[in-house]
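Chain residues, written in single-letter form:
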Amino acid sequence: NMQTSARNQFSGTVTRVNAGVVTDEIQIKTDSGAELVATITHGSAQQLGLAQGSSVIALIKAPSVIVVTDAQGMRFSARNQLAGTVAKVHTGSVNTEVQIDAQGLKVVAIVTNESASTLGLMEGKAATALFKASQVVLAVPA
């Protein structure tokens, strides 16, 4: 694992690149089989040499992950939606760190203690991790 401040690091393979004028949409299948989408600038995609089959690491900072419970019937604009189960809850003085196990990924989110309480976060509870495609930073092996 590379050393970075981003709590979420998921390795995978690019399955598709939708090139745009300004931004490219990069579809990724993680090693665990989960599907992610990242939008990065066209220049960055070219600089990283991204193409179908490229190995990538998707990085998402924990504060960028939104935690949703009881999402039945709701639809969200966030492209990345990983449904799973709360595996760990660590409450600090202001914020709570939550780990959601979803589709083979351990997704870490940071929420306020108030939100954690409102959502009733506890181990075993069903929860979905949401994050926008624009919040995903991509890295490639040098």
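Preceding this paragraph is the structure being described.
What counts, and where the lines are drawn
Residues numbered from 1 in each chain as written. Predicted model: local features only at pLDDT ≥ 70, side-chain atom pairs only at ≥ 80, totals over all residues. Heavy atoms only, no water. Helix = DSSP H or I, 4+ residues; strand = E, 2+ residues; numbered from the N terminus. Rg over C-alpha atoms; globule rule 2.2 N^0.38 Å. Buried < 20%, exposed > 50% of the residue type's maximum accessible area, 1.4 Å probe, protein only. Contact = heavy atoms within 4.5 Å. Pairing = 2+ DSSP bridges. Axes fitted to C-alpha atoms, helices over the stretch in contact; angles between N-to-C directions. Salt bridge = Lys/Arg side-chain N within 4 Å of Asp/Glu carboxyl O. Polar contact = N/O pair within 3.5 Å; in protein donor to acceptor, adjacent residues only side chain to side chain.

Participant: How do you make sense of the overall build of the chain when you look at a structure like this?
Facilitator: For the chain, the count of helices and strands is two helices and ten strands. Order of helices (α) and strands (β) in the chain, N terminus to C terminus: β-β-β-α-β-β-β-β-β-α-β-β. Here the C-alpha radius of gyration of the chain, 15 Å, is about what a compact globule of 142 residues would show, namely 14 Å. Along the three orthogonal principal directions, the C-alpha set of the chain runs to about 45 × 35 × 25 Å. Of all 142 residues assigned to the chain, the portion counted as buried reaches 40%. Nonlocal contacts in the chain, meaning residues at least 24 apart in sequence, comprise 59% of its contacts between residues at least 6 apart.

Participant: How should the sheet that holds strand β1 (residues 8-18) be read in this particular structure?
Facilitator: Working definition: the strands of a sheet are paired by backbone hydrogen bonds and lie parallel or antiparallel to each other. The sheet built from five strands is open, its strands ordered β3-β2-β1-β4-β10 with antiparallel pairing. A strand with exactly one partner marks an edge of an open sheet, and here the two such strands are β3 (35-41) and β10 (137-139). If you compare each strand with its neighbour and ignore which way they point, the axes differ by 45° on average.

Participant: I'm lost on the environment of asparagine 18 in this one. Help?
Facilitator: Note on placement: asparagine 18 falls in strand β1. When near neighbours in sequence (up to four residues on either side) are disregarded, asparagine 18 contacts Thr23, Asp24, Glu25 and Gln27.

Participant: Hey, could you run me through the pattern of salt bridges in this one?
Facilitator: It is possible for side chains of opposite charge to pair when their charged atoms get near one another. Scanning the model with the defined rule gives four salt bridges in all. Where glutamate 25 meets arginine 79, a salt bridge forms, and the shortest distance between an N and an O atom there is 2.7 Å. With a gap of 54 residues between them, glutamate 25 in strand β2 (residues 23-30) and arginine 79 in the loop between β5 (66-68) and β6 (80-91) connect regions that are remote in the sequence. Given a relative accessible area of 19%, glutamate 25 falls into the buried group.

Participant: Teacher, can you tell me more about the side chain of glutamine 99 here?
Facilitator: As for its position among the elements, glutamine 99 is in strand β7 (residues 95-102). Take glutamine 99: its relative accessible area is 12%, and that puts it in the buried class. Within the local environment of glutamine 99, its side chain forms a polar contact with the side chain of aspartate 101, the two groups lying 2.7 Å apart.

Participant: Please explain the side chain of asparagine 80 as it appears in this structure.
Facilitator: Residue placement: asparagine 80 occurs in strand β6. Judged by its relative accessible area of 1%, asparagine 80 falls in the buried class. A polar side-chain atom of asparagine 80 sits 2.7 Å from the main-chain amide nitrogen of valine 37.

That's the geometry; what it means functionally is another story.
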